[in-house]
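Each chain, letter by letter, is given below.
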Amino acid sequence: MCVRQNMRLIRKNPFAYRAAKLFFCEMSKSTLHIGLAGFGNVGAGVFKNIEKNRDLLRERTGRELVITKIAVRDPSKARDVELPADLVTTNLDDLINDDSIDLIVELIGGTDRAFELVKAALENGKTVVTGNKALLAERGQELFAIAAANHRPIFYEAAVAGGIPIIKTVQESLIGNHIQSVVGIINGTCNYILTRMTEAGLDYPEALKEAMALGYAEADPTLDVNGWDAAHKAIILASLSYGAWVPCDEIHVEGIEKIKAEDIDFAEKLGYTIKLLGVIQLHEKSGSIEVRVQPSLIPKGHILSSVKGVFNAIMVRGDIVGETLFYGSGAGQDPTSSSVIADIADAASRIDSETVKGIGETGFVSHGIYGKPLPLAESISKYYLRVEAEDRPGVLARIATVLGEHNIGILSVIQPEDHDEEIAPIVLTLHYAPFGIVQDAISKISAMDCIRDEPALLRVEDVR
Ligand code: HSE
């Protein structure tokens, strides 16, 4: 019997008609209609893994998660996961203007088109899931204002550290804590490069080449190696932890491009490992927030120094919980899509309700409990300094004099005997000092006639 005949019969029977109406109404309520923008590595992973675990997701969320449209730039592009031709559009407006779509998953990357997409989605009453760290770090403040005006949330677990559930941890699990610090290895590409420099003795260009050949680094690895990929993640974590968007130009960002094999060796001799770290710290007295990303020396025995290869790890310290540590894959199709799917499931449970689960109405709770970002010049740590100096009497004394004049104490000095005849590396570790004062001293040391090359200055972190 065809559907039309069935419907005719149902319409004739008032009880069957009422039951069918109820059934279809319940069905449509329990289906979450998703518009997927982007079918790159992560987008394809989301599609593939929702299909893979569909039954489990239905049981756990009480909803059918249905991707009803997929927007891509180029449908003909070769892909590992087959693009379902019946769902494809090349026009983002087809997602935004489709009233049946409840939720838009933004995985197109970039900041301009993605901003317009997220804005329009929220204004059209749709919930948004995004994995776009640059978008949130640069324009999060604007986007959450739009989310608030339209009473729709933005979920963004996949924007920080791929598969590690760090966003929901800070939003929900640690909601009762003042976050005292967040210190993490949040760029897998840099961690891979530094691991290979440490363990295989490669120099930076060789290790980068290897990371690219293995597909760990992007085709254009600039944002990875210059620290900005990690910085975007640090900005999101800091803003979330402290309830105010940290401006991109108020944090300190340094990449790993200038790290030399000899710095790795000297660090090793001194008992340290070099890691690209995101450091977020609350200064309890002033309430100011320190946010910085840079290659730092951490003690070899510290747990973060055992995080190797492309893995990420984040330590969060809260005033009630104490120290916590999260470890896992910070990138890749499956880990990152796991986070996107978690957000979709979260959205599915909130979409018809005003239930607030730690994330407020929008996914970001703004408040004025803490102070402003700490000016970089005031940030205090210990340091590693390597200078290439002419090997003649008085040079070390001159360097020490400049440091002394700036009230910077010297913790240790190494000058290896087996160096070039004329130029010797001098490696010093320096006592706690404000970064501004250390920079001033280093610029005076650089200007000395006996110094060759730019000095290497790295932080020695006091990670507990
Ligand atoms: N390219 C990043 C990394 C992953 O290497 O960790 C995406 O942010």
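**Regarding the domain arrangement of the chain**
Then, number 1: With domains assigned, the chain is organised as domain 1 (3-165 + 338-362), domain 2 (175-329) and domain 3 (377-460).
Then, number 2: Across the boundary between the two partners, domain 1 contributes 16 residues, which contact 17 residues of domain 2.
Then, number 3: Summed over both sides, the interface of domain 1 with domain 2 buries roughly 1,300 Å², with 78% coming from carbon and sulfur.
Then, number 4: For domain 1, the biggest contributors to the area lost against domain 2 are Ala137, Val160 and Ile164; these three give 40% of the whole.
Then, number 5: Counting the contacts that link domain 1 with domain 2 gives one salt bridge.
Then, number 6: Ionic pairing is found between Asp229 and Lys133, a salt bridge with its closest N-O pair at 3.8 Å.

**Some thoughts on the site of the ligand**
Then, number 1: Close to the ligand lie Lys133, Asn187, Gly188, Thr189, Glu218, Asp224, Asp229, Lys233 and Ala331, which account for all nearby residues.
Then, number 2: Separating an oxygen atom of the ligand from a side-chain N or O atom of Asp229 is a distance of 2.8 Å.
Then, number 3: Here an oxygen atom of the ligand and a side-chain polar atom of Lys233 are 2.9 Å apart.
Then, number 4: Out of a free accessible area of 260 Å², the ligand has 89% covered by protein chains.
Then, number 5: Mapped onto the shell around the ligand, the elements with two or more residues apiece are helix 9 (188-200) and helix 12 (228-242).
Then, number 6: Considering only residue class, the shell around the ligand consists of one nonpolar, three polar and five charged.

**Some details on unusual backbone geometry**
Then, number 1: Positive phi, normally seen in glycine, also occurs at Asn407, with a value near 65 degrees.
Then, number 2: Considering the arrangement of structural elements, one finds Asn407 in the loop between helix 15 (395-405) and strand 14 (410-414).
Then, number 3: If you check the backbone angles, Asp453 has positive phi at about 65 degrees while not being a glycine.
Then, number 4: Of note, Asp453 is situated in strand 16 (residues 451-460).

Calculation rules
- Throughout this description, residue numbers start from 1 for each chain and increase along the sequence as written.
- Thresholds applied to this predicted model are a pLDDT of at least 70 for local features of residues and 80 or more for the giving and counting of side-chain atom pairs; totals over whole chains, interfaces and linings are not thresholded and use all residues.
- Excluding hydrogens and water, the side-chain figures rest on all heavy atoms present in the structure.
- Domain boundaries shown here were taken from an automatic or database domain assignment.
- Here, residues are in contact when the closest pair of their heavy atoms is within 4.5 Å.
- Defined in terms of a 1.4 Å probe, buried area is the accessible area two parts forfeit on being brought together, summed over both.
- By definition here, a salt bridge exists when the distance from a side-chain nitrogen of Lys or Arg to a carboxyl oxygen of Asp or Glu is within 4 Å.
- A single heavy atom is enough: if one lies within 4 Å of a molecule or strand, its residue is considered near that molecule or strand.
- Whenever two N or O atoms come within 3.5 Å, that pair is a polar contact, provided that in protein one can donate a hydrogen and the other can accept it, and provided that, for residues adjacent in sequence, both atoms are side-chain atoms.
- Accessible surface area values rest on a Shrake-Rupley calculation with a 1.4 Å probe, where residue burial reflects the displayed protein chains alone.
- Runs of E in the DSSP output that reach at least two residues are strands. Runs of H or I that reach at least four are helices, and both are numbered from the N terminus.
- In the scheme used here, Gly and all other residues not listed as nonpolar or charged are polar, with Ala, Val, Leu, Ile, Met, Phe, Trp, Tyr, Cys and Pro taken as nonpolar and Asp, Glu, Lys and Arg as charged.

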